[in-house]
Amino acid sequence: SAVISQKPSRDICQRGTSLTIQCQVDSQVTMMFWYRQQPGQSLTLIATANQGSEATYESGFVIDKFPISRPNLTFSTLTVSNMSPEDSSIYLCSVVFKGGSYNEQFFGPGTRLTVL
Amino acid sequence: KQEVTQIPAALSVPEGENLVLNCSFTDSAIYNLQWFRQDPGKGLTSLLLIQSSQREQTSGRLNASLDKSSGRSTLYIAASQPGDSATYLCAVRPRKTSGSRLTFGEGTQLTVNP
(Lines give C-alpha, C1' and ligand atoms only; values in the text may rest on other atoms or scores of the structure.)
Protein backbone atom coordinates (compact mmCIF):
# COMPACT_ATOMS: atom_id res chain seq x y z
CA SER A 1 0.00 0.00 0.00
CA ALA A 2 1.05 3.60 -0.58
CA VAL A 3 3.07 5.44 2.03
CA ILE A 4 2.61 9.03 3.20
CA SER A 5 5.56 10.41 5.13
CA GLN A 6 6.02 13.68 6.98
CA LYS A 7 9.15 15.42 8.16
CA PRO A 8 9.86 16.29 10.87
CA SER A 9 7.80 13.97 13.04
CA ARG A 10 8.05 16.45 15.89
CA ASP A 11 9.79 19.67 16.77
CA ILE A 12 10.09 22.16 19.57
CA CYS A 13 10.45 25.74 18.36
CA GLN A 14 10.91 29.19 19.79
CA ARG A 15 8.31 31.91 19.49
CA GLY A 16 8.76 34.06 16.39
CA THR A 17 10.52 31.44 14.30
CA SER A 18 9.17 29.46 11.34
CA LEU A 19 9.01 25.74 10.62
CA THR A 20 8.53 24.02 7.29
CA ILE A 21 6.84 20.62 7.28
CA GLN A 22 7.25 18.28 4.35
CA CYS A 23 4.78 15.71 3.05
CA GLN A 24 5.96 13.07 0.59
CA VAL A 25 3.80 10.39 -1.02
CA ASP A 26 5.17 7.40 -2.89
CA SER A 27 2.43 7.32 -5.51
CA GLN A 28 0.49 9.93 -7.42
CA VAL A 29 -2.36 11.77 -5.77
CA THR A 30 -5.15 13.93 -7.09
CA MET A 31 -5.64 16.06 -3.99
CA MET A 32 -3.50 17.06 -1.02
CA PHE A 33 -4.66 18.79 2.12
CA TRP A 34 -3.17 20.19 5.29
CA TYR A 35 -5.00 19.86 8.61
CA ARG A 36 -4.33 21.12 12.11
CA GLN A 37 -5.29 19.31 15.29
CA GLN A 38 -4.97 21.43 18.40
CA PRO A 39 -4.53 19.67 21.74
CA GLY A 40 -7.64 17.73 22.72
CA GLN A 41 -9.55 18.80 19.63
CA SER A 42 -10.58 17.35 16.31
CA LEU A 43 -9.12 18.17 12.92
CA THR A 44 -9.50 21.49 11.14
CA LEU A 45 -8.72 21.90 7.47
CA ILE A 46 -6.11 24.60 6.83
CA ALA A 47 -5.96 24.50 3.06
CA THR A 48 -6.02 22.47 -0.11
CA ALA A 49 -2.58 22.31 -1.73
CA ASN A 50 -2.89 22.87 -5.48
CA GLN A 51 -0.19 21.66 -7.82
CA GLY A 52 1.67 24.53 -9.43
CA SER A 53 -0.63 27.23 -8.09
CA GLU A 54 -1.59 28.96 -4.88
CA ALA A 55 -3.26 26.91 -2.19
CA THR A 56 -6.93 27.33 -1.35
CA TYR A 57 -7.25 28.43 2.25
CA GLU A 58 -10.14 27.85 4.61
CA SER A 59 -11.74 30.64 6.58
CA GLY A 60 -9.45 31.77 9.37
CA PHE A 61 -6.22 30.70 7.68
CA VAL A 62 -4.06 32.98 5.53
CA ILE A 63 -1.15 32.50 3.20
CA ASP A 64 1.18 34.80 5.12
CA LYS A 65 0.87 32.63 8.22
CA PHE A 66 0.71 29.22 6.49
CA PRO A 67 2.45 29.37 3.11
CA ILE A 68 2.04 26.12 1.18
CA SER A 69 3.85 24.76 -1.83
CA ARG A 70 3.04 21.81 -4.04
CA PRO A 71 5.56 21.60 -6.88
CA ASN A 72 4.43 18.18 -8.12
CA LEU A 73 1.88 15.42 -7.67
CA THR A 74 3.61 13.74 -4.74
CA PHE A 75 5.16 16.47 -2.57
CA SER A 76 3.96 19.44 -0.55
CA THR A 77 5.25 21.69 2.18
CA LEU A 78 3.47 23.68 4.86
CA THR A 79 5.29 26.48 6.66
CA VAL A 80 4.09 27.74 10.01
CA SER A 81 5.39 31.30 10.16
CA ASN A 82 6.15 33.63 13.05
CA MET A 83 5.06 30.99 15.51
CA SER A 84 3.38 31.56 18.84
CA PRO A 85 2.43 29.03 21.55
CA GLU A 86 -1.09 28.94 20.07
CA ASP A 87 0.38 27.22 17.01
CA SER A 88 1.30 24.18 19.10
CA SER A 89 -0.61 21.40 17.35
CA ILE A 90 -0.32 18.27 15.31
CA TYR A 91 -0.14 19.15 11.60
CA LEU A 92 -1.36 16.45 9.25
CA CYS A 93 -1.00 15.97 5.54
CA SER A 94 -3.87 14.16 3.81
CA VAL A 95 -4.26 12.87 0.26
CA VAL A 96 -6.66 11.34 -2.20
CA PHE A 97 -4.83 8.85 -4.37
CA LYS A 98 -5.04 8.88 -8.16
CA GLY A 99 -7.34 6.07 -9.13
CA GLY A 100 -8.73 5.89 -5.62
CA SER A 101 -12.39 5.43 -5.03
CA TYR A 102 -14.94 7.93 -3.81
CA ASN A 103 -12.36 10.53 -2.78
CA GLU A 104 -11.29 8.41 0.18
CA GLN A 105 -8.72 10.34 2.19
CA PHE A 106 -5.58 8.98 3.76
CA PHE A 107 -3.45 10.72 6.34
CA GLY A 108 0.23 11.00 7.07
CA PRO A 109 1.65 10.28 10.54
CA GLY A 110 1.53 13.95 11.54
CA THR A 111 4.05 16.49 12.79
CA ARG A 112 3.79 17.35 16.47
CA LEU A 113 4.80 20.97 16.96
CA THR A 114 5.44 22.59 20.32
CA VAL A 115 6.09 26.33 20.44
CA LEU A 116 7.69 27.75 23.56
CA LYS B 1 -22.99 24.52 7.83
CA GLN B 2 -22.41 20.84 8.43
CA GLU B 3 -21.91 19.81 12.04
CA VAL B 4 -20.79 16.38 13.13
CA THR B 5 -21.33 15.08 16.65
CA GLN B 6 -19.97 11.92 18.20
CA ILE B 7 -21.39 10.25 21.28
CA PRO B 8 -20.06 9.23 23.71
CA ALA B 9 -16.95 11.40 24.01
CA ALA B 10 -15.25 8.64 25.95
CA LEU B 11 -15.96 4.97 26.55
CA SER B 12 -14.27 2.38 28.72
CA VAL B 13 -15.17 -1.29 28.35
CA PRO B 14 -13.76 -4.65 29.41
CA GLU B 15 -12.07 -6.79 26.82
CA GLY B 16 -14.43 -8.94 24.77
CA GLU B 17 -17.39 -6.61 24.79
CA ASN B 18 -19.23 -5.61 21.66
CA LEU B 19 -19.66 -1.86 21.43
CA VAL B 20 -21.24 0.85 19.32
CA LEU B 21 -19.93 4.31 18.59
CA ASN B 22 -22.34 6.93 17.32
CA CYS B 23 -21.95 9.73 14.81
CA SER B 24 -24.62 12.23 13.77
CA PHE B 25 -24.53 14.96 11.16
CA THR B 26 -26.86 17.87 10.50
CA ASP B 27 -26.87 18.04 6.69
CA SER B 28 -27.92 14.80 5.02
CA ALA B 29 -26.63 15.93 1.60
CA ILE B 30 -23.41 13.97 1.91
CA TYR B 31 -21.28 12.18 -0.66
CA ASN B 32 -19.86 9.69 1.79
CA LEU B 33 -18.71 9.17 5.37
CA GLN B 34 -15.40 7.89 6.66
CA TRP B 35 -14.49 6.37 9.99
CA PHE B 36 -10.92 6.83 11.19
CA ARG B 37 -8.84 5.61 14.08
CA GLN B 38 -6.21 7.79 15.76
CA ASP B 39 -3.67 6.55 18.24
CA PRO B 40 -2.29 9.13 20.72
CA GLY B 41 -0.06 11.68 19.02
CA LYS B 42 -0.31 9.90 15.68
CA GLY B 43 -1.95 10.34 12.32
CA LEU B 44 -5.30 8.92 11.23
CA THR B 45 -5.91 5.44 9.88
CA SER B 46 -8.87 5.05 7.55
CA LEU B 47 -11.12 2.22 8.76
CA LEU B 48 -14.21 2.28 6.60
CA LEU B 49 -15.80 4.46 3.96
CA ILE B 50 -19.54 4.33 3.28
CA GLN B 51 -21.01 5.87 0.18
CA SER B 52 -24.28 7.79 0.56
CA SER B 53 -26.08 5.06 -1.39
CA GLN B 54 -24.84 2.31 0.92
CA ARG B 55 -26.28 1.11 4.21
CA GLU B 56 -23.22 -0.56 5.71
CA GLN B 57 -19.64 -1.60 5.25
CA THR B 58 -17.70 -4.32 7.04
CA SER B 59 -14.02 -4.90 7.65
CA GLY B 60 -13.05 -7.70 10.00
CA ARG B 61 -14.53 -7.01 13.42
CA LEU B 62 -15.74 -3.58 12.35
CA ASN B 63 -19.12 -2.78 10.87
CA ALA B 64 -20.23 0.72 9.97
CA SER B 65 -23.81 1.61 9.13
CA LEU B 66 -25.28 4.71 7.57
CA ASP B 67 -28.79 6.14 7.76
CA LYS B 68 -28.45 9.22 5.64
CA SER B 69 -32.02 10.40 6.00
CA SER B 70 -31.74 10.58 9.78
CA GLY B 71 -28.16 11.86 9.68
CA ARG B 72 -26.64 8.98 11.62
CA SER B 73 -23.84 6.50 11.38
CA THR B 74 -22.68 3.86 13.82
CA LEU B 75 -19.43 1.98 14.14
CA TYR B 76 -19.85 -1.47 15.67
CA ILE B 77 -16.78 -3.17 17.10
CA ALA B 78 -17.18 -6.84 17.88
CA ALA B 79 -15.22 -8.69 20.56
CA SER B 80 -13.18 -5.65 21.56
CA GLN B 81 -9.46 -6.02 22.34
CA PRO B 82 -7.01 -3.80 24.23
CA GLY B 83 -5.38 -3.00 20.90
CA ASP B 84 -8.63 -1.31 19.85
CA SER B 85 -7.95 1.45 22.38
CA ALA B 86 -7.74 4.69 20.40
CA THR B 87 -9.79 7.70 19.41
CA TYR B 88 -12.36 7.01 16.70
CA LEU B 89 -13.34 9.86 14.40
CA CYS B 90 -16.10 10.08 11.87
CA ALA B 91 -16.01 12.56 9.02
CA VAL B 92 -18.50 13.45 6.32
CA ARG B 93 -17.84 14.63 2.80
CA PRO B 94 -20.43 16.98 1.29
CA ARG B 95 -22.13 16.28 -2.02
CA LYS B 96 -22.17 19.81 -3.37
CA THR B 97 -18.58 20.82 -2.73
CA SER B 98 -16.03 20.10 -5.41
CA GLY B 99 -12.95 18.49 -4.00
CA SER B 100 -12.89 16.40 -0.90
CA ARG B 101 -13.39 18.64 2.13
CA LEU B 102 -14.15 16.57 5.22
CA THR B 103 -15.97 17.75 8.32
CA PHE B 104 -14.85 15.87 11.41
CA GLY B 105 -16.56 15.01 14.64
CA GLU B 106 -14.81 15.48 17.96
CA GLY B 107 -14.14 11.78 18.30
CA THR B 108 -14.84 9.01 20.81
CA GLN B 109 -11.92 8.00 23.00
CA LEU B 110 -12.15 4.24 23.52
CA THR B 111 -10.33 2.32 26.22
CA VAL B 112 -10.55 -1.47 26.24
CA ASN B 113 -9.38 -2.89 29.55
CA PRO B 114 -7.69 -6.29 29.70
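The structure displayed is predicted, hence computed values, not measured ones.

Colleague: Looking at this structure, I do not really get the overall build of chain B. What am I missing?
Modeller: For chain B, the helix and strand inventory stands at zero helices and eleven strands. Radius of gyration (C-alpha) of chain B: 14 Å, near the 13 Å computed for a compact globule of 114 residues. By principal-axis analysis of the C-alpha atoms, chain B measures approximately 45 × 30 × 20 Å. Here chain B, with 114 residues, has 44% of them falling under the buried criterion. Put simply, 55% of the contacts in chain B that link residues at least 6 apart link residues at least 24 apart. Working note: accessible area of chain B is about 5,400 Å², and carbon and sulfur atoms make up 46% of it.

Colleague: Would you take a moment to explain the environment of Leu110(B) for this structure?
Modeller: Residues and elements named next belong to chain B. Along the chain, Leu110 falls in strand β11 (residues 108-113). Looking at Leu110, the relative accessible area reads 2%, which means it is buried. Sequence separation between Leu110 and Asp84 is 26 residues, and the spatial gap between their C-alpha atoms is 7.5 Å.

Colleague: I tried to follow the sheet that holds strand β7 (residues 68-72) of chain A on my own but got confused; where do I start?
Modeller: All names here are of chain A. Across the sheet, which stays open at both edges, the four strands sit in the order β1-β3-β8-β7 with antiparallel pairing between neighbours. Either end of the sheet is taken by a strand with one partner, and the two such strands are β1 (4-7) and β7. In this sheet, neighbouring strand axes are inclined to one another by 15 degrees on average, regardless of whether the strands run parallel or antiparallel. As defined by bridge partners, β7 adjoins strand β8 (residues 75-80) across three bridges and the pair is classed as antiparallel.

Colleague: For this particular structure, what's the right way to read the state of the cysteines?
Modeller: By definition, a disulfide is the covalent link that joins the sulfur atoms of two cysteine residues. Residues and elements named next belong to chain A. Going through the model one piece at a time under the given rule, you end up with two disulfides over all chains. Paired through a disulfide, Cys23 and Cys93 show a sulfur-sulfur distance of 2.0 Å. On the sign convention where negative is left-handed, the bridge of Cys23 and Cys93, at about -60 degrees about the S-S bond, is left-handed. Within this pair, whereas Cys23 is found in strand β3 (residues 19-25), its partner Cys93 is found in strand β9 (residues 89-97), the two being separated by 70 residues in sequence. Residues Cys23 and Cys93 agree in their burial class; the two are buried. This cysteine, Cys13, is not joined by any disulfide, and Cys23 carries the nearest cysteine sulfur, 18 Å off.

Colleague: Is there a simple way to think about the sheet that holds strand β3 (residues 19-25) of chain B in this case?
Modeller: Within a sheet, adjacent strands bond to each other through the backbone by hydrogen bonds, running parallel or antiparallel. All names here are of chain B. Strands sit in the order β1-β3-β8-β7-β6 across an open sheet of five strands; the sheet is antiparallel. Every other strand in the sheet has two partners, leaving β1 (4-7) and β6 (56-59) as the edge strands with one partner each. Looking at each pair of strands side by side, their axes are set apart by 15 degrees on average, direction ignored.

Colleague: Any chance you could explain the interface of chain A and chain B here in plain terms?
Modeller: Interface size is often expressed as the accessible area that is lost when the parts come together. Contacts between the two partners involve 21 residues from chain A, matched on the other side by 21 residues from chain B. Both faces combined, the contact of chain A with chain B buries some 1,600 Å², and carbon together with sulfur accounts for 54% of it. Its largest share of buried area at the contact with chain B, chain A owes to Ser42(A), Tyr102(A) and Phe107(A), together 31% of the area lost on that side. At the boundary of chain A with chain B, the tally comes to one salt bridge. Here Arg101(B) and Glu58(A) are joined by a salt bridge, their closest N and O atoms 3.1 Å apart. The tally of links between chain A and chain B comes to six residue pairs in polar contact (both at pLDDT 80 or more).

Colleague: Any chance you could explain the packing of aromatic side chains here in plain terms?
Modeller: Inspection of the entire model under this criterion finds seven aromatic pairs over all chains. Note on Tyr35(A) and Phe107(A): the rings are 5.3 Å apart at their centroids and 50 degrees apart in plane angle, and the pair reads as tilted. Placement of the pair is Tyr35(A) in strand β4 (residues 29-37) and Phe107(A) in strand β10 (residues 106-107), with a sequence separation of 72 residues. Across this residue pair, the class does not change: Tyr35(A) and Phe107(A) are buried. Relative to Phe66(A), the ring of Phe61(A) lies with its centre 5.6 Å away and its plane at 65 degrees, an arrangement referred to as edge-to-face. For the pair Phe61(A) and Phe66(A), one class covers both residues: buried. An aromatic cluster is defined as three or more aromatic residues linked by ring pairs; in this entry it consists of Tyr35(A), Phe107(A), Phe36(B) and Phe104(B).

About the cut-offs
- Residue numbers run consecutively from 1 along every chain, following the written order of its sequence.
- To label them, take the chains in the order written and letter them from A, then take the ligands in the order written and number them from 1.
- The predicted nature of this model means local features are confined to residues of pLDDT at least 70 and side-chain atom pairs, given and counted, to a pLDDT of 80 or more, with totals for whole chains, interfaces and linings taken over all residues.
- Values reported for side chains reflect all heavy atoms of the structure, with hydrogen atoms and water molecules removed beforehand.
- A run of H or I in DSSP becomes a helix once it reaches four residues, and a run of E becomes a strand once it reaches two; helices and strands are each numbered from the N terminus.
- For the radius of gyration, the atom set is restricted to C-alpha positions; the globular benchmark scales as 2.2 Å times the number of residues to the power 0.38.
- Exposure classes here rest on a 1.4 Å probe applied to the protein chains alone. A residue is buried below 20% of its type maximum, exposed above 50%, and partly exposed in between.
- The contact criterion used is simple: two residues touch if any of their non-hydrogen atoms lie within 4.5 Å.
- Per-residue accessibility takes into account occlusion by the displayed protein chains alone, with areas from the Shrake-Rupley method and a 1.4 Å probe.
- Between any two strands, pairing holds if DSSP finds at least two bridges.
- Here an axis means a line fitted to C-alpha atoms, over the contact stretch when the element is a helix, while the angle between two N-to-C directions is reported on a 0 to 180 degree scale.
- A pair of cysteine sulfur atoms is labelled a disulfide when the two atoms are within 2.5 Å.
- Accessible surface is computed with a 1.4 Å probe, and the buried area is the amount of it that two parts give up when combined, taken over both parts together.
- Each reported salt bridge corresponds to a side-chain nitrogen of Lys or Arg within 4 Å of a carboxyl oxygen of Asp or Glu.
- The definition of a polar contact used here is a pair of N or O atoms within 3.5 Å, where within protein one atom must be able to donate a hydrogen and the other to accept one, and adjacent residues in sequence count solely through side-chain atom pairs.
- What counts as a ring pair is set by centres within 6.5 Å for rings of Phe, Tyr and Trp (its six-membered ring), and what kind of pair is set by the plane angle: stacked under 30 degrees, edge-to-face over 60, tilted for all other angles.

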